[in-house]
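The primary structure of each chain is shown beneath.
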Amino acid sequence: MLDRTNGIAGVDADKNGVRDDVDAYISTRYSAAPQKAAALQVARTIQKELLVSKTDKPAIKLLTLAEDRAVNCVYSKFDRNSSIKPGAVVQDIESVTTNTEERLLAYLAFSKAADGTTGTIPEGDTCE
Amino acid sequence: MSKLLQRFTAALIIFSILLAPVAAQTTTGGLCTPSGVAFGFFNGVETTSIQAKRNLQEFKIMHGVTTAQGERIKYHVFYNYTNGYEDFVETFRQRLEEQGGLLRGKFELFFTGNKGGGSWWSSITQSVAETGQILTAITDQHQASLLVNLKRDFQNPPTGLKYEEQRLLIDSLVIEVPKLMFVAHSQGNLFVNAAYDYAVSKTPASSVGVVHIAPASARTTGSHILANLDFVINGLRPFGTVPPITTAIPGYPLQPPGLNSETDILGHGLLEIYLNPALTTAEEIRIAVNTKIAALVPSAVRAATGFFTATLTWDGPGDVDLHAFEPNGTHVFYSQLQGTSGYLDVDNTVASGPEHYYASCDASKLLTGTYQIAVANYDGADSRIATVQVSSVNGVLGTKSVTLGAFTEDVPSATLFKIVVSKDAQTGVYSAALSP
């Protein structure tokens, strides 16, 4: 059950940077520990994007770099020929993390703030 | 020694370095490797930043990390946001209120609902039939909204590169990488044309290629792929010229799920349609891109790949200098090209730049600690806007501009970046990050 209360941040009782309901979703959805960790890395990045000041350009840039690493991690832990494709993982985490109007608008505002940036597929192991 | 003589000596050194085979730039020490091809992806309409990164990864899977000719491919995304995308959230909310509010507040259905459904929607509509009407209304209204947003730029395409970070990245790529391969989807085609024009003003057109996917642009600068049932791009036809259809795809009910396990009723999604391995579009794109890369003529590389690099450009005539201060205090600039860690391998004394400093990829040379990147108006560049971009092997770290004052010759007037290079004591992995 996704949480729709408590503003943009929601409840993160274990302070791992991911809403507890998103934590629970990830635990249910993905079984292998490396895959859970990769999904959590994406969730943690998006959660920061919801909360960052959309006028803080250096912070926005840092988060776009975190996106590069998180997405790269997902693609290193999920096989696109398996039942759970990496492209679907990113989309699912994006959807559950932006599950209210307030969160969705904050999220789109982040992408708007990232307009004109660049990204690069990073080298090496980018999983946290 | 006069600056003119110093420049001449420096030029000889740079020339001698550039005469060395490109392979000589393959540095020892293993911290980074030069690329043979820079793959630049320009994302489509209504794509979030992280979706653009995800889509880039799919291109990497499709084309690999080396070409058939053995050239290393490095992948970049040039992100553009669709103005007005956020306006559809209000419409979406209103639709969720319909049918007695059966789906009230379920905004996690936004991204897939806009494309006609998907796995979550299937479960819902099979359980509660009335929600199917909500989905239909969302999809219909979204198509109209998307066309409005796309039509705006389609009818008034950008005439130049409007993003500083993207411009500087191209400035760096054209001097560091022999081939540039641009691929655009949907709205990204409007931006790729401007990027192509800019790139070929800096490097031979024979070394820059473009492939257009679902071009939302009357103008194309390379081959294109457009599906017959792409209702977004073909929906633009009443408002202007759209390139011809190249490929037939099955109708929505027969559409196989794409690389994100979803479908797209609009026939336009990159992962749902165009890169979907079950549709012929994917193979056509793969062949078009690989063929173009193979046909490109490598340009002469003028700058080395670095563990991190700094590239300086400015907006007109004058002599602006790039200065790097390495952790041990070594001052690298036009008069002292060789540092302890790095080297100033591109110098410009006339106009616009670029100038380029790189820190070595050789772990035995790369100093850990704080580097500073500064600029100076050596002469004749009063009031010029100087822009510096710092990149690591993992992408652009930052881009900053400064308006220059009166000339200061060899004395830097503005420090734009501090870069901390560190080595993890446990893993031995090096990293570069900006410092405030």
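Residues numbered from 1 in each chain as written. Chains lettered and ligands numbered in written order. Predicted model: local features only at pLDDT ≥ 70, side-chain atom pairs only at ≥ 80, totals over all residues. Heavy atoms only, no water.

**Re the overall build of chain A**
Part 1 of the reasoning: Looking only at helices and strands, chain A features 5 helices and 1 strand.
Part 2 of the reasoning: N-terminal to C-terminal, the α/β element order of chain A is α-α-α-α-α-β.
Part 3 of the reasoning: For a compact globule of 128 residues, the expected C-alpha radius of gyration is about 14 Å, and chain A comes in at 14 Å, within 12% of that figure.
Part 4 of the reasoning: Referenced to the eigenvectors of the C-alpha coordinate spread, the extents of chain A come out at roughly 40 × 35 × 25 Å.
Part 5 of the reasoning: Each of the 128 residues in chain A was classed as buried or not, and the buried ones make up 57%.
Part 6 of the reasoning: A fraction of 68% describes how many contacts in chain A between residues 6 or more apart in sequence connect residues 24 or more apart.
Part 7 of the reasoning: For chain A, the exposed surface amounts to about 5,100 Å²; the carbon and sulfur share of it is 55%.
Part 8 of the reasoning: Considering chain A, the positive charge centre built from 16 side chains and the negative charge centre built from 19 side chains are found 2 Å apart. (Helix = DSSP H or I, 4+ residues; strand = E, 2+ residues; numbered from the N terminus. Rg over C-alpha atoms; globule rule 2.2 N^0.38 Å. Buried < 20%, exposed > 50% of the residue type's maximum accessible area, 1.4 Å probe, protein only. Contact = heavy atoms within 4.5 Å. Areas by Shrake-Rupley, 256 points an atom, 1.4 Å probe, with all protein chains shown as cover. Lys, Arg positive; Asp, Glu negative; His and termini not counted. Charge placed at Lys NZ, Arg CZ, Asp CG, Glu CD.)

**Topic: the sheet that holds strand S8 (residues 331-332) of chain B**
Residue and element names in this part refer to chain B.
Part 1 of the reasoning: The strand order S8-S7-S11-S14-S15 describes an open sheet built from 5 strands, whose pairing is antiparallel. Looking at the sheet topology across the chains shown, the edges are occupied by S8 and strand S15 (430-435).
Part 2 of the reasoning: Direction of pairing for strand S7 (residues 319-325) relative to S8: antiparallel, over a ladder of 2 bridges. Across the sheet, residue Phe325 finds its bridge partner in S8, namely His331. (Pairing = 2+ DSSP bridges.)

**Regarding the pattern of salt bridges**
Part 1 of the reasoning: Tallied over the entire structure, the rule returns 21 salt bridges over all chains.
Part 2 of the reasoning: Between Arg29(A) and Asp92(A) there is a salt bridge, with the nearest N and O atoms lying 3.6 Å from each other. With Arg29(A) in helix H1 (residues 20-29) and Asp92(A) in helix H4 (residues 86-97), this pair connects stretches of sequence that are 63 residues apart.
Part 3 of the reasoning: The class of Arg29(A) is partly exposed, set by a relative accessible area of 35%.
Part 4 of the reasoning: Residue Asp171(B) is joined to Arg167(B) by a salt bridge in which the shortest nitrogen-to-oxygen separation is 3.6 Å. Of this pair, Asp171(B) and Arg167(B) both sit in helix H8 (residues 164-176), 4 residues apart, which is roughly one turn of the helix.
Part 5 of the reasoning: Looking at Arg167(B), the relative accessible area reads 23%, which means it is partly exposed.
Part 6 of the reasoning: Among the ionic contacts, a cluster of salt bridges with common partners joins Glu67(A), Asp68(A) and Lys53(B). (Salt bridge = Lys/Arg side-chain N within 4 Å of Asp/Glu carboxyl O.)

**Some words on the sheet that holds strand S2 (residues 73-78) of chain B**
Part 1 of the reasoning: Spatially, S1(A)-S2(B)-S1(B)-S3(B)-S4(B)-S5(B) is the arrangement adopted by the 6 strands of the open sheet, whose pairing is mixed. Edge strands, defined here as strands with exactly one partner in the open sheet, are strand S1 (118-120) of chain A together with strand S5 (223-225) of chain B. This sheet shows a mean twist of 20 degrees between the axes of neighbouring strands, independent of strand direction.
Part 2 of the reasoning: Looking at chain direction, S1(A) and S2(B) are connected through 3 bridges and run antiparallel. Its bridge partner being in S2(B), Gly119(A) is matched across the sheet by Val77(B).
Part 3 of the reasoning: Sheet contacts for helix H2 (residues 49-63) of chain B: S1 of chain A together with strand S1 (37-42), S2, strand S3 (179-185) and strand S4 (208-213) of chain B; angle to S2(B), the most-contacted strand, approximately 155 degrees. (Axes fitted to C-alpha atoms, helices over the stretch in contact; angles between N-to-C directions.)

**Quick notes on the packing of aromatic side chains**
Part 1 of the reasoning: Inspection of every chain in the model, using the stated rule, returns 22 aromatic pairs over all chains.
Part 2 of the reasoning: With 5.5 Å between their ring centres and 75 degrees between their planes, Tyr30(A) and Phe78(A) make a pair best called edge-to-face. In this pair, Tyr30(A) sits in the loop between H1 and helix H2 (33-51) while Phe78(A) sits in the loop between helix H3 (57-77) and H4, placing the two residues 48 residues apart along the sequence.
Part 3 of the reasoning: Accessibility expressed as a relative area gives 5% for Phe78(A), which makes it buried.
Part 4 of the reasoning: One aromatic cluster in this structure is built from Tyr107(A), Tyr81(B), Tyr85(B), Phe88(B), Phe92(B), Phe107(B), Phe110(B) and Phe111(B).
Part 5 of the reasoning: In this arrangement the basic side chain of Lys151(B) is found over the ring face of Phe239(B), its NZ or CZ atom lying 4.3 Å from the centre.
Part 6 of the reasoning: If you follow Lys400(B) out to its NZ or CZ, it ends over the ring of Phe417(B), 5.1 Å from the centre. (Phe/Tyr/Trp six-rings, centres within 6.5 Å; stacked < 30°, edge-to-face > 60°. Lys NZ or Arg CZ within 6 Å of the ring centre and 35° of its normal.)

**Re helix H3 (residues 88-96) of chain B**
Part 1 of the reasoning: All of the buried residues along H3(B) are Phe88(B), Val89(B), Thr91(B), Phe92(B), Arg95(B) and Leu96(B). In a view along the axis of H3(B), the buried residues occupy a sector of 160 degrees, so they form one face of it.
Part 2 of the reasoning: Tucked into the core, H3(B) has its buried residues touching helix H5 (101-113) of chain A together with helix H4 (98-101), helix H5 (110-113) and helix H7 (131-155) of chain B. (Arc of directions from axis to C-beta.)

**Some words on the pairing of S15(B)**
All names here are of chain B.
Part 1 of the reasoning: Sheet analysis places strand S14 (residues 414-423) next to S15, joined by 6 bridges and oriented antiparallel. Each bridged residue has a counterpart across the sheet, and for Lys423 the counterpart in S15 is Tyr430.
Part 2 of the reasoning: The loop that links S14 with its antiparallel partner S15 comprises 6 residues; one of these, Gly428, has a positive phi angle of about 75 degrees.

**Points about the nonpolar core**
Part 1 of the reasoning: Ranked by size, the top nonpolar core spans 95 residues in total, and within it Ile26(A), Ile93(A), Phe39(B), Phe59(B), Ile233(B), Tyr274(B) and Ile285(B) carry the most contacts.
Part 2 of the reasoning: Take this core: its biggest share by element is 8 residues, from H3(A).
Part 3 of the reasoning: The residues touching Ile93(A), leaving out its near neighbours within four places in the chain, are Tyr25(A), Ile26(A), Tyr30(A), Ala39(A), Val42(A), Ala43(A) and Ile46(A).
Part 4 of the reasoning: Judged by nonpolar contacts, the second largest core, of 39 residues, contains Leu344(B), Ile373(B), Leu397(B) and Leu404(B). (Core = buried A, V, L, I, M, F, W, Y, C linked by side-chain atoms within 4.5 Å.)

**Focus: the state of the cysteines**
Part 1 of the reasoning: The full count for this structure, using the stated rule, is 2 disulfides over all chains.
Part 2 of the reasoning: Shown here is the disulfide that connects Cys73(A) with Cys127(A), its sulfur atoms set 2.1 Å apart. Of note, the bridge from Cys73(A) to Cys127(A) carries an S-S torsion of about 105 degrees and is right-handed in sense. One end of the pair, Cys73(A), is in helix H3; the other, Cys127(A), is in the segment after S1, with 54 residues separating them in the sequence.
Part 3 of the reasoning: On the basis of relative accessibility, which here comes to 1%, the residue Cys73(A) falls in the buried class.
Part 4 of the reasoning: Here Cys127(A) falls in the partly exposed class, since its relative accessible area comes to 22%.
Part 5 of the reasoning: Paired through a disulfide, Cys32(B) and Cys361(B) show a sulfur-sulfur distance of 1.7 Å. Given an S-S torsion of about -100 degrees, the disulfide between Cys32(B) and Cys361(B) has left-handed geometry. (Disulfide = S-S within 2.5 Å.)

**Section: the interface of chain B and chain A**
In many analyses, interface size is given as the accessible surface area lost on bringing the parts together.
Part 1 of the reasoning: Facing 49 residues of chain B, the contacting portion of chain A comprises 44 residues.
Part 2 of the reasoning: Approximately 4,400 Å² of surface area, both sides summed, lies buried where chain B meets chain A, with 56% of it carried by carbon and sulfur atoms.
Part 3 of the reasoning: Summed over the shared surface of chain B and chain A, the number is 9 salt bridges.
Part 4 of the reasoning: With a closest N to O distance of 2.7 Å, Arg4(A) and Glu108(B) form a salt bridge.
Part 5 of the reasoning: At the boundary of chain B and chain A, one finds 33 residue pairs in polar contact (both at pLDDT 80 or more).
Part 6 of the reasoning: A per-element tally of the side of chain B that touches chain A places H2(B) first, with 10 residues.
Part 7 of the reasoning: Across the side of chain B that touches chain A, the residue classes tally to 21 nonpolar, 15 polar and 13 charged. (Buried area = accessible area lost by both parts, 1.4 Å probe. Polar contact = N/O pair within 3.5 Å; in protein donor to acceptor, adjacent residues only side chain to side chain. Nonpolar A, V, L, I, M, F, W, Y, C, P; charged D, E, K, R; others polar.)

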